[in-house]
Amino acid sequence: MPLSLYNTLTRKKETFTPLDPDNVRLYLCGPTVYDFAHIGNARPSVIFDVLTRLLRCLYSEVTFVRNITDIDDKIIKAAQENKEKIMDLTRRTTEYYRNDMKALGNIPPTQEPLATEHVEEMITMISHLIEAGHAYESDGHVLFSVKSFAGYGQLSRCNHDEMLAGARVEVAPYKRDAEDFILWKPSLPEIPGWDSPWGYGRPGWHIECSAMAQKYLGETFDIHGGGHDLIFPHHENEIAQSQACFGSGTFAKMWLHNGMVTVDGEKMSKSLGNFITIHQLFETTPGEVVRLVLLSSHYRQPLDWNTQVADQAHQSLDRFYNALRGRKINETVPSSEAVKLALKDDLNTPLAISALHEIATRVNKAQSDAEKDTLASELKASGAWLGLLQQDPEMWFKGADKGEEDAILELIDARNKARAAKDFSEADRVRDELLAKGIVLEDSSQGTSWRRE
RNA sequence: GGCCGGGUGGCAGAGUGGUGAUGCAGAGGACUGCAAAUCCUCGUAUACCGGUUCGAUUCCGGUCCUGGCCUCCA
């Protein structure tokens, strides 16, 4: 079965055919770095991580570009509020982002370009657009003329006249038409900027992705992705800029968009105070749990974050690691076909996860150790497709902190002596003592093992 | 107002033109000194109303509800 993906451009599931099978190229809109990344930022990065893992198995080479937007009005504002230098803020928060992505189990992208390091490319592109009559200079700004580009609206399928009528947007005086968007805007001396043919200024939001995608992936590439909320105007504008510059038919062949993340049923917003950063989540929730939650519904569906889904994901991982615990993993055992098939069908991660559960059940039901080992090996190999289940199970259950292990083992030993002497009240007392510290004991024919609740 | 989505058991969440996965929770049982883990068994779930069809949860139309975008947003 070939890989099929839902293309927002055509609103259909399509068979994925790479432009160049020897180098599959994809671009994902990365974060604007002015604060810790939130759970909504995490979703596309995890989805694209699963996608690149899959593509790397299907094709010899994959170039995955995810940008960092490090020049933006939100950044300027945040730096002023923090009384911090802009560079300090963007470097700091970029570092947070990279750490968070790592903790989520994501493989770093092939390229992670910074907008501020590609202003020259943006200026070149804007100049071309002006020469071609698709952009104009007005009062220190450069704007893209939407009317000049016939293909505008192909992705969002929006009729902008009607949208503008309903939205009642205030039209900036320097715009020829209300729908025109900014390619370049002037900066004040105290605000970051670059010298350009249009004076000291800085780029608009959309142009960086067009410029950086072209630089690292070429005028035409396979897949472009991001959150559903970026379809309009961001991605629509990227298409307009790039195709106006490089010709129709250029830019991304397929567009993938993930559904929004809500928190307790509500959209995240700073005003509601339900803005959850990944960093904050990691204080109570392992990265792998967050990852499993993000993969437990289909990427195009909305996803609600709440403590219940986190608990459920945690329990699922307990079940998986329990099946892997104490098993001899054979690296040569192949992954499950069912998992692969599910992922090739538009990244059906919930179905893939259900296949993992079925393997776990088979591990538990298997009669012989050899059979259990083989199935556990299949489970681990299959989990790798999703970036899951690669930890040492003992680490999962006991945590990295081994400081108190000796004391725990001493108590387990004391309890087992009591059990041997049929002093069950003493045995239960020890169990309760450990349980009070969050340690659960499990007796088996192999002896007594422990784990954290 | 315009443009997109979505409504499946207590919860999460897939698939499918022919009585519907998977996990959690719940009930009963096996195992256990007791547990935990595990295994077995159990639930008349496809918003509503029409239409097409031999047959629809799946396709079409309508109704209701709900999410997103149209302003910075992943």
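Position numbers for residues count from 1 along each chain, tracking the sequence in the order it is written. Starting at A for chains and at 1 for ligands, labels are handed out in the order in which the entities are written. Totals for whole chains, interfaces and linings use every residue, but because this is a predicted model, local features are given only for residues with pLDDT of at least 70 and side-chain atom pairs only at 80 or more, for both listing and counting.

Regarding the domain arrangement of chain A
The criterion, for reference: An automatic or database domain assignment supplies the start and end points of every domain.
As assigned here, chain A comprises domain 1 (4-258), domain 2 (263-398) and domain 3 (405-452). One C-alpha centre belongs to domain 1, the other to domain 3; they are set 57 Å apart.

A closer look at the packing of helix 15 (residues 405-420) against helix 16 (residues 424-436)
Under the convention used in this document: Only the stretch in contact is used when fitting a helix axis, every axis being a line fitted to C-alpha atoms; angles between N-to-C directions are given from 0 to 180 degrees. Helix numbering and strand numbering both begin at the N terminus, where a helix is a DSSP run of H or I of at least 4 residues and a strand a DSSP run of E of at least 2. An angle below 35 degrees is treated as roughly parallel, one above 145 as roughly antiparallel, one from 65 to 115 as roughly perpendicular, and anything else as oblique. If you view the pair so one helix is near and one far, a crossing is left-handed when the near helix is turned anticlockwise from the far one by less than a right angle, and right-handed when it is turned clockwise. Placing a C-beta atom from the backbone of each residue, one calls two residues in contact when those atoms lie within 7 Å. Residues were grouped as follows: Ala, Val, Leu, Ile, Met, Phe, Trp, Tyr, Cys and Pro as nonpolar; Asp, Glu, Lys and Arg as charged; and all remaining residues, including Gly, as polar.
Running from N to C, helix 15 and helix 16 point in directions that differ by 160 degrees, and their axes come no closer than 7 Å. Looking at the two axes, helix 15 sits roughly antiparallel to helix 16. Taken as a pair, helix 15 and helix 16 cross one another with a handedness that is left-handed. Residue-level contacts link Ile408, Leu411, Ala414, Arg415, Ala418 and Arg419 of helix 15 to Phe424, Glu426, Ala427, Val430, Arg431, Glu433 and Leu434 of helix 16. Its residues assigned to classes, the contact of helix 15 with helix 16 shows eight nonpolar, no polar and five charged.

Quick look at the nonpolar core
Rules: To define a nonpolar core, we join buried Ala, Val, Leu, Ile, Met, Phe, Trp, Tyr and Cys residues through C-beta atoms within 7 Å and take the resulting set. Think of it as a crowd count around each C-beta: if 20 or more other C-beta atoms lie within 10 Å the residue is buried, if 12 or fewer it is exposed, and in between it is partly exposed, with C-beta placed from the backbone throughout.
Core analysis: the largest hydrophobic core is formed by 103 residues, its most contacted members being Ile126, Leu129, Leu183, Phe320, Ala352, Leu356 and Leu379. The biggest single contributor to this core is helix 1 (residues 39-58), with eight residues. Each of domain 1 (4-258) and domain 2 (263-398) contributes no fewer than three residues to this core. In contact with Ala352, other than residues within four places in its own chain, are Val339, Ala342, Leu343, Trp385 and Leu386.

Notes on the sheet that holds strand 4 (residues 62-66)
The cut-off we apply is this: When DSSP locates at least two bridges between a pair of strands, those strands are taken to pair.
Here four strands make up an open sheet; going across it, the order is 4-3-9-10 and the pairing parallel. Pairing within the sheet leaves two strands with one partner each, and these edge strands are strand 4 and strand 10 (251-258). Put simply, the sheet's adjacent strands are angled 20 degrees from each other on average, direction ignored. In this fold helix 6 (residues 207-217) packs onto strand 3 (24-28), strand 4 and strand 9 (220-227), with an angle of close to 160 degrees to the strand it touches most, strand 4. Across the sheet, helix 7 (residues 231-246) touches strand 9 and strand 10, and the angle it forms with strand 10 is around 175 degrees.

Considerations on the pairing of strand 6 (residues 141-144)
Neither face of strand 6 is exposed, since His141 and Leu143 on one face and Val142 and Phe144 on the opposite face are all buried. Two successive antiparallel strands, strand 5 (residues 135-138) and strand 6, enclose a turn made up of two residues, where Asp139 displays a positive phi of approximately 55 degrees. With three bridges joining them, strand 6 and strand 7 (residues 181-186) adopt antiparallel strand pairing. Bridge assignment links Leu143 to a residue of strand 7, and that residue is Ile182.

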